[in-house]
Amino acid sequence: MSGLMQSLRALARLKPAQKLTRDYLVSLLTAVLLALAVGAGIMLVCGHNPIEGYGALIEGALGKPRAIGNTLAKTMTLCLTGLAMSLAAKAGVFNVGGEGQLYLGAMAAAVVGAQVDAPAWLVTLLALLAAMAAGGLYALLPGALKVKWKVDEVITTIMLNSVAIYFCSYLANGPLKTAERGIATGTDSIMAEAAFTPLIRLSNLTTGVFYAAAVALIVWYVMSRSSVGFEMKLTGENDRFARYGGIRTGSLMLWAMVFSGAICGLVGMLEVFGLHKRFLTTVSNEFYFDGMLVAMIMRYSPFGVIVMSFFFAVLSIGSKSMELSAGVSSELILIVQSIIIFFMAAEGGIRKALGERAALRRARAAAGERGRG
């Protein structure tokens, strides 16, 4: 746990206001190509054809309507969690507690969906509001500790993750456990009419994607086109300078944390009303941490998060088909993702080292020409 804490603290010290420059995008593209090349090399060593392996991956992610639906559903989850991370990070706070906020949002939505007797549309709306409120209020605590008493939000949020997950597991296995047969750990099912409607048959894509799209559009507008987004950028880069400029940095950080948690709660609601139709203790498979990686790779750019979410979704969904069709272990994709993350984490240092070496070569060449002259 101490190693994880140190890693997260190191990530928290990164400046989230860095832009997606041309050089960075070139580095990212290079990292992706290198990672895919390493994956192809591993396939060759293991006796597999890389073309067939990657072909099966693309076919499994985009080859059929069902596959496209699953890929878009995964993109939706990665995108929302990545945007939740980006929203807080741009304001200078590092929300590592999104997984717990997601669980609480899922539990709140499941309780409303199962116990509220009202028209279906109203149940859906109330569940959405309850999920966002649960996630947002849970993020309020570490946000307030950070703003008021300068308590390290990395530690508080990651500790609160465990509290929320275990609390929801207790409810699902105890007071709120369903009496339905065949469900080992879960709550009662939600109102059937209130659940989201599938958009593509046999896929995980539902009408919940429209809620996700609306939230993504709002976050993009706030972060990229509004005065609040500009104030968040200044606060994230230098909160002291922003404070001297008249920006209420404390309130901005606090609200960024709350809305980040609310988005995570919404993701939990989308899982319950779209896929599981009840709260299950397996409602999330560390979705938020995947979204964190996407956000950090794309330097917390909303548009970049959307694009990278789609790419990672293709890898995630296609890897299952690659394993079944081409016999290539899906663990290979984890290696590819890890290599991309490694290269992008070291991108600044690598580019600086290459630049220094190039400058040294130019200096030597100039010195040689002066010597000959």
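Everything below is about the structure printed above this text.
Residues numbered from 1 in each chain as written. Predicted model: local features only at pLDDT ≥ 70, side-chain atom pairs only at ≥ 80, totals over all residues. Heavy atoms only, no water.

A. How the structure looks around a nonpolar patch on the surface. Taken together, the side chains of I58, L62, I68, L72 and F310 present a nonpolar region at the surface, about 370 Å² in accessible area. For the nonpolar patch, the secondary structure elements donating two or more residues are α3 (50–62) and α4 (65–90). By the secondary structure assignment, L72 is in helix α4. (Patch = residues over 30% accessible without salt bridge, like charges linked within 9 Å, V, L, I, M, F, W, Y side chains within 5 Å. Areas by Shrake-Rupley, 256 points an atom, 1.4 Å probe, with all protein chains shown as cover. Salt bridge = Lys/Arg side-chain N within 4 Å of Asp/Glu carboxyl O. Helix = DSSP H or I, 4+ residues; strand = E, 2+ residues; numbered from the N terminus.)

B. Fine view of the side chain of T156. Locating T156 in the fold gives a position in helix α7 (residues 153–173). By relative accessible area, which is 15% here, T156 ends up buried. Those residues in contact with T156 that sit more than four places away from it in its chain are P142, L145 and V151. (Buried < 20%, exposed > 50% of the residue type's maximum accessible area, 1.4 Å probe, protein only. Contact = heavy atoms within 4.5 Å.)

C. Spatial organisation of the environment of T30. You can see T30 is positioned in helix α2 (residues 22–45). The sequence separation of T30 and E369 amounts to 339 residues, and the corresponding C-alpha distance is 34 Å.

D. How the structure looks around the side chain of N95. Along the polypeptide, N95 turns up in the loop between α4 and α5 (98–115). At a separation of 2.9 Å, a polar atom in the side chain of N95 contacts the side chain of S260. Once you skip the residues sitting within four places of it in the chain, N95 turns out to touch M85, A88, Q101, T157, M257, S260, G261, Y288 and M292. (Polar contact = N/O pair within 3.5 Å; in protein donor to acceptor, adjacent residues only side chain to side chain.)

E. Representation of helix α12 (residues 287–297) in the model. Burial runs high along α12: 8 of the 11 residues are buried. Burial in α12 covers these residues: F287, Y288, G291, M292, V294, A295, M296 and I297. Just beyond α12, the residue with positive phi is R299, at close to 55°.

Everything listed is a geometric property; what it means functionally is a separate question.
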